[in-house]
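Listed here are the chains, written in short residue letters.
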Amino acid sequence: MNIHRIDRYRVRLPLRIPFETSYGRLTEKAFDILLVTDELGNQGIGELVPFEQPDYIEETIDTARIIIDKHLIPLLKEAEIHHPKEVSILFAEVKGNQMAKSSLETAIWDLYAKRNGKSLKTYFKDTRVQIPVGVSVGIQTDLTKLLDQITQYVAQGYQRVKLKIRPGYDLKPIEAIRKKFPDLPLMVDANSAYTIKDISWLKQLDAYDLVMIEQPFAANDFLDHAQLQKEMKTSICLDENIRTLKDCELAFSLGSCRSINLKIPRVGGITEAMKIVDFCKENERLVWLGGMFESGVGRALNLQFASQKIFTFPGDISASDRYYYEDILTEPFEIQNGEIFVPDELGIGVSLSQKNLMKYGVFETIFIK
């Protein structure tokens, strides 16, 4: 398989509801849709998902575009690819920049599956036709509105709720949610908003029967997380720290966490994600799939990957209308009884809406052989 052409749509979708975390407020999401075409005319679709600001991790959509155009595409130009797993080896000389790598690597996985007349999920082990899903809720200082929002999500069937927290916005909203929903599977995500100095404060969260606390400390920290986990009964989950299998091995060796929020883009694509899943399975560790405000393209990829039965915990794979008024797919994803069906068409199983791509995006060809 040879890559003969790569096209890109630069897209911006407005959010239905502004989403606030410890590091900022999001009102729209910028992303790129990459179309990778082989010598036979088959086309794979990938999504570039970094935020515009280097606040989640250091990678941004602008820096990722530079890496793709100047460093990754040149590596693909003359390469003959027999299997998508070769792409991560090909890209290894470029350090870091995992989300840039993932956008092309996942597109090539989609291309490979279509070229072979298969659904992407056939390349994964022990899959299901539909999966349970959860929902993430941003910082909402009006507790009445927060509870109303969660009530709506529970009524829609979401099987667990993740609340974003930060210093000054933690115990009070958690207590309010627990009072109204005593049995709701509830977790919180700090996005690195706390430090080891807050350990006594964080230990108070043990009283609220949380499923887990995600990423309380810095994105490059493993030692302080290990100290916190020793002193808390609530499980610590790592997100931003985990870029490779080696990071998982380090985290579990040190006792930094009991679970991993796996995001395919953050680890460079499907090949590394599969290694992390295998490690967690072999070591009986909880792994679940997170999200990056993806469009329907990234959502379809996540559904394909999360169809593996090892993903027992509902991930951040909401319905299309959770975040956006309109998606860029011809058929948006809908939640039914707390679950979403996994597409079973070729590749990631979705078709792009040219109307919406042109409405919200700008097209450009970035490589042609």
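Every value quoted in this text rests on a predicted model; they were computed, and no experiment measured them. (Residues numbered from 1 in each chain as written. Predicted model: local features only at pLDDT ≥ 70, side-chain atom pairs only at ≥ 80, totals over all residues. Heavy atoms only, no water.)

Draft legend 1. Looking closely at the UniProt feature "binding site: Mg(2+)" (unreviewed entry) in the protein. UniProt's feature table lists "binding site: Mg(2+)" (unreviewed entry) at Asp 189, Glu 214 and Asp 239, given in the numbering used throughout. Over a stretch of 51 residues, the named residues converge on one spot in the fold, their C-alpha atoms separated by at most 9.4 Å. Structurally, Asp 189 is set in strand β7 (residues 186-189). Filtering out sequence-adjacent residues up to four positions away, Asp 189 remains in contact with Lys 162, Leu 163, Lys 164, Ile 165, Glu 214 and Gln 215. Relative to the assigned elements, Asp 239 resides in the loop between β9 (236-238) and α8 (245-254). When neighbours within four sequence positions are excluded, Asp 239 is seen to be in contact with Tyr 56, Glu 214, Gln 215, Asn 261, Lys 263 and Arg 266. Side chain to side chain, Asp 239 and Tyr 56 meet in a polar contact 2.7 Å long. (UniProt positions renumbered as here; feature names shortened; annotations may be inferred. Helix = DSSP H or I, 4+ residues; strand = E, 2+ residues; numbered from the N terminus. Contact = heavy atoms within 4.5 Å. Polar contact = N/O pair within 3.5 Å; in protein donor to acceptor, adjacent residues only side chain to side chain.)

Draft legend 2. Representation of the pattern of salt bridges in the model. Enumeration over the complete set of coordinates arrives at 26 salt bridges. A salt bridge links Glu 20 to Arg 166, with the shortest nitrogen-to-oxygen separation between them at 2.9 Å. Of this pair, Glu 20 sits in strand β1 (residues 3-21) while Arg 166 sits in the loop between β6 (161-164) and α5 (171-180), placing them 146 residues apart in sequence. A relative accessible area of 21% places Glu 20 in the partly exposed class. A salt bridge links Arg 160 to Asp 316, with the nearest nitrogen and oxygen atoms 2.4 Å apart. Here Asp 316 lies in the loop between α10 (296-306) and β12 (339-341) and Arg 160 lies in the loop between α4 (143-156) and β6, a separation of 156 residues in the sequence. Accessibility classification places Arg 160 together with Asp 316 in one group, the buried group. Residues joined by salt bridges that share partners form a network here, namely Arg 160, Lys 162, Lys 164, Asp 189, Glu 214 and Asp 316. (Salt bridge = Lys/Arg side-chain N within 4 Å of Asp/Glu carboxyl O. Buried < 20%, exposed > 50% of the residue type's maximum accessible area, 1.4 Å probe, protein only.)

Draft legend 3. Here's a closer look at the side chain of Asn 302. Along the chain, Asn 302 falls in helix α10. Overall, Asn 302 belongs to the buried group, its relative accessible area being 2%. Discounting chain neighbours no more than four positions away, the residues touching Asn 302 are Ile 264, Leu 289, Gly 290, Glu 294 and Ile 317.

Draft legend 4. A look at the nonpolar core. Membership of the largest hydrophobic core comes to 125 residues, with the highest contact counts inside it found for Ile 33, Leu 104, Leu 205, Ile 260, Leu 262 and Phe 305. Take this core: its biggest share by element is nine residues, from helix α3 (residues 98-115). Setting aside residues no more than four positions away along its own chain, Ile 33 makes contact with Asp 7, Arg 8, Tyr 9, Val 11, Ile 45, Gly 46, Glu 47, Ser 295, Val 297, Ile 328, Leu 352 and Leu 357. (Core = buried A, V, L, I, M, F, W, Y, C linked by side-chain atoms within 4.5 Å.)

Draft legend 5. Inspection of the UniProt feature "active site" (unreviewed entry) in the protein at higher detail. UniProt records the feature "active site" (unreviewed entry) for Lys 164 and Lys 263 in the present numbering. Separated by 2.6 Å, the side chains of Lys 164 and Asp 189 make a polar contact. Among the structural elements, Lys 263 can be located in the loop between β10 (259-262) and α9 (270-282). If near-sequence neighbours (up to four positions away) are discounted, Lys 263 is found in contact with Tyr 56, Asp 239, Gly 290, Gly 291 and Met 292.

Draft legend 6. Geometry of unusual backbone geometry. The residue Gln 215 is not glycine, and still its phi comes out positive at about 45°. Residue placement: Gln 215 occurs in the loop between β8 (213-214) and α7 (223-231). The residue Asn 337 is not glycine, and still its phi comes out positive at about 55°.

Draft legend 7. Broad picture of the sheet that holds β9. Taking strand neighbours across the sheet as the criterion, the seven strands line up as β5-β6-β7-β8-β9-β10-β11 in an open arrangement whose pairing is parallel. Unpaired on one side and paired on the other, β5 (135-137) and β11 (286-289) mark the two borders of the sheet. (Pairing = 2+ DSSP bridges.)

Draft legend 8. Highlighting the pairing of β10. The alternating pattern of β10 places Ser 259 and Asn 261 on one face and Ile 260 and Leu 262 on the opposite face, and all of these are buried. Note that β9 and β10 share two bridges and pair parallel. Looking across to β10, one finds that Leu 238 is bridged to Ile 260. Running through α8, the crossover from β9 to the neighbouring parallel element β10 is right-handed. (Right-handed = clockwise from strand over helix to strand, strands pointing away.)

Draft legend 9. Focus on the packing of aromatic side chains. A complete count under the given rule lists 14 aromatic pairs for this structure. Centre to centre, the rings of Trp 109 and Tyr 123 are 6.0 Å apart; their planes meet at 70°, and the pair counts as edge-to-face. Taken together, the residues span a long stretch of sequence, with Trp 109 in helix α3 and Tyr 123 in the loop between α3 and β4 (130-132) at a distance of 14 residues. Taken together, the ring pairs connect Phe 19, Phe 51, Tyr 56, Phe 293, Tyr 323 and Tyr 324 into an aromatic cluster. (Phe/Tyr/Trp six-rings, centres within 6.5 Å; stacked < 30°, edge-to-face > 60°.)

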